[in-house]
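# Notes for the structure review
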Amino acid sequence: MKRREFVKSTLGTAVATGLSAGPLATLAIGANRRIESEDINSRSSLKDEYELHFLAIGDWGRNGADHQVQVAQQMGKWASEHPNDFIISTGDNFYPSGVVSEHDPLWHYSFENIYTDFALQWDWYPILGNHDYKSDPDAQVRYSNISRRWKMPARYYSKTFKIKDNDEVLIAFIDTNPLIPEFYQNSEYGPHVAGQQPEKQLQWLDHLLQSSKAKWKIVVGHHPLYTAGPRTENYDTLAVRKVLKPLLEKHRIPLYLSGHEHSMQHLKVQDNCFHQFISGSGSEVTSVKKGLSYSRFEASTYGFMYFALNQQQLQAQCIDHEGKMIYSTIIPLTI
């Protein structure tokens, strides 16, 4: 008998014998083929009194340099040990000058190969910073078609999240760069803010906040309205404050989240309805000013922020590059 025929004959006999064997047949029929999700999903036990959780990091993309890797590692550790639904990037995602296309190598060197922990593979909702405007800001929009976790459908957009009893959380992700008049004459920013029609974005934001019935309404933009950092009275801070503050006050927005300043801050001007948080120390840090009347916390420290909310309140925490929680506060929802 030829070798090929011998193998076919032997294999066929073995299979036939195995299938007809009583114990083996009984085992196959009676086998439990279902694995319940709680048996394999360790994250299902990460529950607390809050219903929505997210990390916030800004000003981070430096090819892993200047503590970017350390912050990323602590983000992964924190998100592995605490409930987390998504990550917000507050802009300046790629230094020094953004990305030139959706295929730029910086996507790997500054993002994909840095935020590698499994717990950081959840959705990322980014916005554009001024450094992102130095090349092709729309390349970051197009990258949404490549990456499963990078969710940026446009330069500004919104997302609604469901919480208990069909209540909702609305987050408006805006582009503050076109709101700064000086950028239109800037040789680096000018070509990419040209034609952006900032009044249309403000009309969109006004209508969005007016029409939404969400329990919580949060606005995220790169540039702060107030800061305890070096840009306290800078032209960009003043420009964004001029156009955004009236809208935040009109719609009684409780939280404005930004980056731009390379620090972590919690600010609350006495007569303003909104709290402002700055999470901009994903890598490089800059100095902060002490003793400002509207500053509740400021730290020139590498790190990120963690937010959790329910129908009644929001908790904000600042976590440094060593995994230490250096600040925590609770803000009640007032309507």
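Since we're looking at a predicted model, the values are computed, not measured. (Residues numbered from 1 in each chain as written. Predicted model: local features only at pLDDT ≥ 70, side-chain atom pairs only at ≥ 80, totals over all residues. Heavy atoms only, no water.)

## Some words on the overall build of the protein chain
The helix and strand inventory of the protein chain stands at nine helices and 13 strands. When burial is assessed residue by residue, the protein chain has 52% of its 335 residues classed as buried. Split by element, the accessible area of the protein chain, about 15800 Å² in all, is 52% carbon and sulfur. (Helix = DSSP H or I, 4+ residues; strand = E, 2+ residues; numbered from the N terminus. Buried < 20%, exposed > 50% of the residue type's maximum accessible area, 1.4 Å probe, protein only. Areas by Shrake-Rupley, 256 points an atom, 1.4 Å probe, with all protein chains shown as cover.)

## A look at the packing of helix α8 (residues 198-211) against helix α9 (residues 235-250)
As a packed pair, α8 and α9 sit with axes 10 Å apart at the nearest point and diverge in direction by 10°. Taken together, the axis directions place α8 and α9 in an arrangement best described as roughly parallel. α8 and α9 meet at a crossing whose hand is right-handed. In contact with L202, L205, D206 and Q210 of α8, α9 contributes V243, L244, L247 and K250. (Axes fitted to C-alpha atoms, helices over the stretch in contact; angles between N-to-C directions. Parallel < 35°, antiparallel > 145°, perpendicular 65-115°, else oblique. Left-handed = near helix turned anticlockwise from the far one by under 90°. Contact = heavy atoms within 4.5 Å.)

## Some remarks on the pattern of salt bridges
Evaluation of the coordinates by the stated rule reveals 14 salt bridges. A salt bridge links E188 to K134; its shortest N-O distance comes to 3.6 Å. Of the two residues, E188 is situated in the loop between β5 (168-173) and α7 (190-193) and K134 in the loop between β3 (124-126) and α6 (138-142); the sequence distance between them amounts to 54 residues. Using a relative accessible area of 39% as the deciding quantity, one classes E188 as partly exposed. The closest approach of N and O atoms between K250 and D206, which form a salt bridge, is 3.1 Å. (Salt bridge = Lys/Arg side-chain N within 4 Å of Asp/Glu carboxyl O.)

## A short note on the confidence of the model for the protein chain
When pLDDT is averaged along the protein chain, the result is 90; 86% of the residues meet or exceed 70. Overall, residues 24-28 carries pLDDT values under 50, and its contacts beyond four positions in sequence, including any with other chains, amount to three contacts. (pLDDT = per-residue confidence, 0-100.)

## Some points on the sheet that holds strand β9 (residues 275-279)
Spatially, the seven strands line up as an open sheet ordered β4-β5-β6-β7-β9-β8-β10, and their pairing is mixed. Among the strands making up the open sheet, the edge pair consists of β4 (157-162) and β10 (295-299). Neighbour-to-neighbour, the strand axes of this sheet turn through a mean angle of 15°, independent of strand direction. Relative to strand β6 (residues 216-220), β5 runs parallel, the two being bridged by five bridges. Residue L170 lies in a different strand from β6, and its bridge partner there is K217. In the packing of α8 onto the sheet, contacts are made with β4, β5 and β6, and the angle to β5 comes to roughly 175°. (Pairing = 2+ DSSP bridges.)

## A word on the packing of aromatic side chains
Per the stated rule, a full pass over the model turns up 29 aromatic pairs. An angle of 65° between the planes, with centres 5.5 Å apart, marks the rings of W60 and F94 as edge-to-face. On the criterion of sequence distance, the pair formed by W60 in the loop between β1 (52-57) and α4 (68-81) and F94 in the loop between β2 (86-89) and α5 (106-112) is long-range, its members being 34 residues apart. The class of W60 is buried, set by a relative accessible area of 0%. The class for F94 is buried, based on a relative accessible area of 0%. Centroid distance W60 to Y115: 5.4 Å. Interplanar angle 85°. Geometry classified as edge-to-face. Remark: Y115 occurs in the loop between α5 and β3 and W60 occurs in the loop between β1 and α4; sequence separation between them is 55 residues. Judged by its relative accessible area of 0%, Y115 is buried. Sitting above the plane of the Y95 ring, R62 keeps its charged end 3.7 Å from the centroid. (Phe/Tyr/Trp six-rings, centres within 6.5 Å; stacked < 30°, edge-to-face > 60°. Lys NZ or Arg CZ within 6 Å of the ring centre and 35° of its normal.)

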